Amino acid sequence: MNSTILILGACGQIGTELTLTLRAKYGNNAVIATDIREPLMKELKNGPFELLDASDAIAMRSICEKYNVHTMYHLVAMLSATGEKFPMKAWDLNMQSLLHALELAKEGLLSKIFWPSSIAVFGPTTPKRETPQQTIMEPSTVYGISKLAGERWCEYYASKYGVDVRSIRYPGLISWKSQPGGGTTDYAVEIYYKALEEGRYTSFLSEHRALPMMYMDDAIRATIELTEAPAKQVKIRSSYNLAGISFDPITIAKSIAKYVDGFTMDCQADFREEIAASWPESIDDRSAQEDWNWSPTFDLDSMTQAMLTNLKVKLRK
Ligand code: AKB
């Protein structure tokens, strides 16, 4: 690939790792990192970095023109837990930034957009286990409502205007390089930090509240594989179900206890329990497997080992 890639939300949990991976693959100057704040991680400044508020259509346009952008990874969103505290801000940010990007692609200023959806598009009336690609979708969070509306807009721009937009319904993502913020699945990252720092953790979800999750390496690989797949293989233009690992707090705690002597966990469920209770426990991703050959590589124990090994080094620094 010899044209420019733009990342919106490059300092976030997915953006950080995606920027580093794409720069390793295509060179630092081929990947323009943008965010509303300056990066804390100095490596993000090893290539071009621009401050950008993704809800500002004029600023987004001028960066696309300045760098002659081909592919945009749009990773800006307010997540589920923060979205419930600031419903209108979540709706405005999540929708406006997507619509600005879709409009730029419609005008021909961008050739391709990757935009993340989420398991939050499902709701309490959705079948909970092995949730199908096409099913009842009545989300009960602002974040979920905005992601479902976003999926409909993506499909609309693809079918009406031929916009090449691609999307994944991410499960909870677990990574050691960058932390999530404001999500319901964040406990599954916090638990590893606390295991190493304090030997114990209090979960904000109840012990048997299972959710679909995925290790970040798999999520980054899925994101790039879908974005770079030949267009004819991308048959779904709303968003693809994607499955990795499904577990509840007690099961991840047992996995950690295999490697951290004496680790214990207790649970004090808060408002995020209700959000989690409205989401699926596991996902059927046969469409992603069939259309673009998706297959995850990490199971719970291999993820636990990778998280603990890398975090031990990171926390020592
Ligand atoms: C959240 O918990 O809000 C996110 C998500 C599942 O999209 N991690």
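Here, every reference points to the structure presented above.
Everything quoted here is computed from the prediction, not taken from an experiment.

(A) Spotlight on the overall build of the protein chain. When its secondary structure is counted, the protein chain shows 11 helices and 14 strands. Against the globule reference of 20 Å for 317 residues, the protein chain gives a C-alpha radius of gyration of 19 Å, in line with a compact fold. For the protein chain, the C-alpha atoms occupy an extent of roughly 55 × 45 × 40 Å along the three principal directions. For the protein chain, buried positions account for 55% of its 317 residues. Partitioning the contacts of the protein chain with sequence separation of at least 6, the portion at a separation of at least 24 is 77%. Per element, the accessible surface of the protein chain, about 13400 Å² overall, is 51% carbon and sulfur. Between the averaged position of the 34 positive side-chain charges in the protein chain and that of its 39 negative side-chain charges there is a distance of 3 Å.

(B) View of unusual backbone geometry. Look at Asn 68: it is not a glycine, yet its phi comes out positive at around 50°. If you check the backbone angles, Glu 130 has positive phi at about 50° while not being a glycine. By the element assignment, Glu 130 lies in the loop between strand 6 (117-118) and helix 5 (142-161).

(C) Summary view of helix 4 (residues 87-106). The first and last C-alpha atoms of helix 4 sit 28 Å apart over 20 residues, in line with the 28 Å expected at 1.5 Å per residue. Among the residues of helix 4, those classed as buried are Ala 90, Asn 94, Met 95, Ser 97, Leu 98, His 100, Ala 101, Leu 102, Leu 104 and Ala 105. Packed against the buried residues of helix 4 are helix 2 (57-67), strand 4 (69-74), helix 3 (80-85), strand 5 (112-114), helix 5 and strand 7 (165-166). Just past helix 4, the residue Gly 108 takes up positive phi, approximately 95°.

(D) A look at the site of the ligand. What surrounds the ligand is the set Leu 79, Ser 80, Ser 118, Ile 119, Tyr 143, Gly 183, Thr 184, Thr 185 and Trp 279. Between an oxygen atom of the ligand and a side-chain N or O atom of Tyr 143, the distance comes to 2.8 Å. With the chains in place, 93% of the 260 Å² that the ligand exposes on its own is no longer accessible. Classifying every residue of the shell around the ligand by side-chain character gives 4 nonpolar, 5 polar and no charged.

(E) Summary view of the side chain of Thr 304. Within the secondary structure, Thr 304 sits in helix 11 (residues 300-316). Classification of Thr 304 by relative accessible area gives buried; the value is 0%. In terms of polar contacts, Thr 304 uses its side chain to reach the side chain of Tyr 192, at 2.9 Å. Apart from the residues lying within four places of it in its own chain, the contact partners of Thr 304 are Tyr 192, Ser 255, Ile 256 and Tyr 259.

(F) Here's a closer look at the nonpolar core. Ranked by size, the top nonpolar core spans 39 residues in total, and within it Tyr 192 and Phe 247 carry the most contacts. Elements with a contribution of two residues or more to this core: helix 5, helix 6 (187-198), strand 11 (211-215), strand 13 (245-247), helix 8 (249-257), helix 9 (272-277) and helix 11. The dominant element in this core, judged by the number of residues it contributes, is helix 6, at 7 residues. Among the domains, domain 1 (4-171 + 214-241) and domain 2 (174-213 + 245-282 + 298-316) are the pair contributing at least three residues each to this core. Those residues in contact with Phe 247 that sit more than four places away from it in its chain are Ile 174, Tyr 187, Ala 188, Arg 209, Ala 210, Leu 211, Met 213, Ile 252, Leu 300 and Met 303. Within the second largest apolar cluster, 33 residues are counted, among which are Ala 10, Leu 22, Val 31 and Phe 114.

(G) Quick look at the pairing of strand 2 (residues 31-35). When you tally the buried positions in strand 2, you get 5 out of 5 residues, the bulk of the element. By the bridge criterion, 4 bridges tie strand 1 (residues 4-8) to strand 2 in an arrangement that is parallel. Residue pairing across strands places Leu 6 opposite Ile 32, the latter belonging to strand 2. Note that the unit made of strand 1, helix 1 (residues 13-26) and strand 2 has a crossover that is right-handed. For strand 2 and strand 3 (residues 49-51), the ladder comprises 3 bridges, and the chain directions are parallel. Paired with Asp 35 across the strands is Leu 51, a residue of strand 3.

Rules and cut-offs
Residues numbered from 1 in each chain as written. Predicted model: local features only at pLDDT ≥ 70, side-chain atom pairs only at ≥ 80, totals over all residues. Heavy atoms only, no water. Helix = DSSP H or I, 4+ residues; strand = E, 2+ residues; numbered from the N terminus. Rg over C-alpha atoms; globule rule 2.2 N^0.38 Å. Buried < 20%, exposed > 50% of the residue type's maximum accessible area, 1.4 Å probe, protein only. Contact = heavy atoms within 4.5 Å. Areas by Shrake-Rupley, 256 points an atom, 1.4 Å probe, with all protein chains shown as cover. Lys, Arg positive; Asp, Glu negative; His and termini not counted. Charge placed at Lys NZ, Arg CZ, Asp CG, Glu CD. Expected span 1.5 Å × (residues − 1). Near = heavy atom within 4 Å. Polar contact = N/O pair within 3.5 Å; in protein donor to acceptor, adjacent residues only side chain to side chain. Nonpolar A, V, L, I, M, F, W, Y, C, P; charged D, E, K, R; others polar. Core = buried A, V, L, I, M, F, W, Y, C linked by side-chain atoms within 4.5 Å. Domains from an automatic or database assignment. Pairing = 2+ DSSP bridges. Right-handed = clockwise from strand over helix to strand, strands pointing away.

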